[in-house]
Each structure stands twice: as structure tokens, then as C-alpha cells.
Amino acid sequence: MISFLMRRTIPRCRAYSSQTTSELTKVEVNEKTGVAVVTLNRPPVNGLNVAALRSLEKVIGDLETNKCKGLILSSSSKNIFCAGLDLTEIYKPDQEKLKSLWTAFQDLWIKLYGASFPTTAALNGHAIAGGCVLALSCDYRVMVPNSSIGLNETELGISPTAWIIASMQNVLSKRSVELALLQGRIYKTNQALEIGLIDEIANDKDETIKKCEEFIAKYSRVQSLAFSLTKRELRGKAISELTSNRQGDLQFFVDSINNPSVQKFLEKYLQSLKSKKN
Ligand SMILES: CCCC/C=C/CC(=O)SCCNC(=O)CCNC(=O)[C@H](O)C(C)(C)COP(=O)(O)OP(=O)(O)OC[C@H]1O[C@@H](n2cnc3c(N)ncnc32)[C@H](O)[C@@H]1OP(=O)(O)O
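From a predicted model like this one, the values you see are computed outputs, not experimental measurements.

The next point concerns the confidence of the model for the chain. With 92% of its residues at a pLDDT of 70 or more, the chain shows a mean pLDDT of 92. The low-confidence segment residues 1-14, where pLDDT is below 50, has 32 contacts with residues more than four positions distant or belonging to other chains. Here the predicted complex scores 0.94 on pTM and 0.97 on ipTM.

If you want it as C-alpha cells, here you go:
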């Protein structure tokens, strides 16, 4: 069943004993449970460029084909889950690359949000903007202390589009979504737990994975077909709204990014990230 993931086999004593590694996304499947740990691997911050988005999308597609029992999305970084879209791809962007970036992000969201198996995010660190979208696209989120999570797009001058809002509305109260999005607010771990943006806190990365495994195990008695049909009923509307308006959604993003005031802000923002070290 999971033979496609077994090209590089590691010793049986490990719980997760079959694995493939691409440069950008590492996959380890527990042969006993069929649960896959998928690790984002684009140092330093797992910035999402086209290749990273496509790599993750392909992995999820393969897991779907191979009837995976559950997904744990993790990161190879010590303290960052994902810092969102690669800012260097949206500052002074090449227009074709910009379109490919958003199209790849749409494709990934459709696969992850609509996955027919339980999905979890083991947040071993910050999950900002697109990183938060990845977490919100999963069914469950566990985060380590002293990290941050949220959608800061309005701070950057970009307005979140309908499917991103839908992902947040799936998790938070209407009031919390309004406050979070209109303020472009980033939450610390304990605040995120309070409003329901994450489901649990874990002490460290290993514990995030353990808690995600426990969550997925709760579905062991649920019929796969019933699970996927129910998820489709719950999430299908948001997905079909995007699939029927892909071009409009893309144009909105491209226009937002090309807005001179957004470009001006991105320039300062990138400088401020760089100057933190000095
Ligand atoms: C309608 C639109 C809705 C959805 C759209 C989504 C758009 C996005 O996702 S835009 C991306 C927004 N992301 C952010 O605002 C996050 C920015 N980064 C941070 O806040 C911090 O880096 C961090 C909290 C994630 C981590 O902080 P830490 O102190 O550990 O590391 P840094 O020194 O800040 O970063 C290391 C290194 O990485 C560069 N970098 C950080 N984030 C990004 C990024 N998103 N893309 C590309 N590069 C990034 C940062 O500049 C540093 O680079 P140098 O080592 O070269 O200085």
C-alpha cells in the first residue's frame, strides 16, 4: 500500500520506518498505523516558493492515492513551522512567477483542506501568514509554547481571499475571525489556544507529533469513506467556490501584490527582517 514511500528504507526499530526524502519535503510513514509525518524542509524559515508548494502538493496527492491513514505536517526547523509565502518572490515579482506561486498555493490548499484522511499540524514554531493557512487547512493543530501564529496579510496591505477566510471561519468564531483578520493579528501560543486557533499545547516537537498521533488514532474506528464524504459535505462549498473562481482569485492576488503601496511596504518589511540581526 505504501510501497511508493519505501524507496529508502530505514531500520525497523524506528516507529516511522518507511521514508522518502525530497530536498523540500520529507515523508516518513509509520508502517503499523499508515500515518505519515511530512516535514517541510526549506531553511531557514520554510518560505513557500513554487517548488516548495508543488513538492508538498505532490506528497499529499501521493498519500491520497496510497490511502494514507493520517497526516502530521511538521518542519525541519528548530523554531519555525513556516513563515508563509517566500517574501522575496512577492517583492518586485516576476509576473509569471507570481501567478505560478498563487496557483500552486491554491492547488495545495484544495488538496490539503479537502484531504480524505485526518490531517494535523505539529507546530514546532512560528506559523505566519501562508504558514498559518497550512495549519488552518489541517483538522487539528498542536503548538509549542512561545511561538506565534496568525494571518498578518492586512498588515502587509493584502486582503485575505475567500478561501483563506473560510479556513479560519472553519476554526474560529465569527467574532474572532473579524478581529484576527481586520487587525492582521499574530497570536502567541497561549492566546491562540484561548481563541481556538490551536487545539493543544505541547512541550516540544516530539510531543507535538505524539499529540497529533493521538488525535489521528481517534479516527481508527471511523470508516474512511464516511470520513471523506462527511469532510466533503463540511468543506466542499469553500473548495468549489475557489475552483469556480480560480482566475478571479488569482487576479485579485496579483493586483494586490502589484499595488505600489504593498510593494513599498514589502521593501521596508524585508529590510526590517534583515536588520533584526544587526
Ligand atoms: C490574500 C493573501 C492571503 C495569504 C497570503 C499570504 C502571504 C504570505 O504568506 S506573505 C509572508 C508573510 N510572512 C511573514 O510576515 C513572516 C515574516 N517572518 C517573520 O516574522 C520571522 O522571520 C519569523 C517569526 C518567522 C522567524 O523569526 P526569526 O527571528 O527566527 O528569523 P528571522 O531572522 O526573522 O528570519 C531568518 C531569515 O529568513 C528570512 N525570512 C523570514 N521570513 C521570510 C519569508 N516569509 N520569506 C522569505 N524570507 C523570509 C529573513 O529575512 C531572514 O533572512 P536573512 O537570514 O537573510 O537575514
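This part takes up the pattern of salt bridges. Enumeration over the complete set of coordinates arrives at 14 salt bridges. Note that Glu 207 is salt-bridged to Lys 211, the shortest N-O span being 4.0 Å. Taken together, the positions of Glu 207 and Lys 211, both in helix H9 (residues 205-217) and four residues apart, correspond to about one turn of that helix. Residue classification places Glu 207 among the partly exposed positions, given a relative accessible area of 22%. Looking at Lys 211, the relative accessible area reads 17%, which means it is buried. Connected via shared salt-bridge partners are Arg 54, Glu 57, Asp 107, Lys 111 and Arg 246.

Remark: the centre distance and the inter-plane angle together describe each pair of aromatic rings, the angle taken between the planes. Under the defined criterion, the tally for this structure stands at 10 aromatic pairs. Here Tyr 140 and Phe 215 contribute two aromatic rings whose centre-to-centre distance is 3.9 Å and whose plane-to-plane angle is 10 degrees, an arrangement assigned as stacked. Taken together, the residues span a long stretch of sequence, with Tyr 140 in strand E9 (residues 140-143) and Phe 215 in helix H9 at a distance of 75 residues. For Tyr 140, a relative accessible area of 12% corresponds to the buried category. Here the aromatic rings of Phe 215 and Tyr 219 are separated by 5.2 Å at their centres, their planes lie at 70 degrees, and the arrangement is edge-to-face. Counting every residue linked through ring pairs, the aromatic cluster contains Trp 102, Phe 105, Trp 109, Tyr 113, Trp 163 and Phe 253.

So, how was this worked out
Residues numbered from 1 in each chain as written. Predicted model: local features only at pLDDT ≥ 70, side-chain atom pairs only at ≥ 80, totals over all residues. Heavy atoms only, no water. pLDDT = per-residue confidence, 0-100. Contact = heavy atoms within 4.5 Å. Salt bridge = Lys/Arg side-chain N within 4 Å of Asp/Glu carboxyl O. Helix = DSSP H or I, 4+ residues; strand = E, 2+ residues; numbered from the N terminus. Buried < 20%, exposed > 50% of the residue type's maximum accessible area, 1.4 Å probe, protein only. Phe/Tyr/Trp six-rings, centres within 6.5 Å; stacked < 30°, edge-to-face > 60°.

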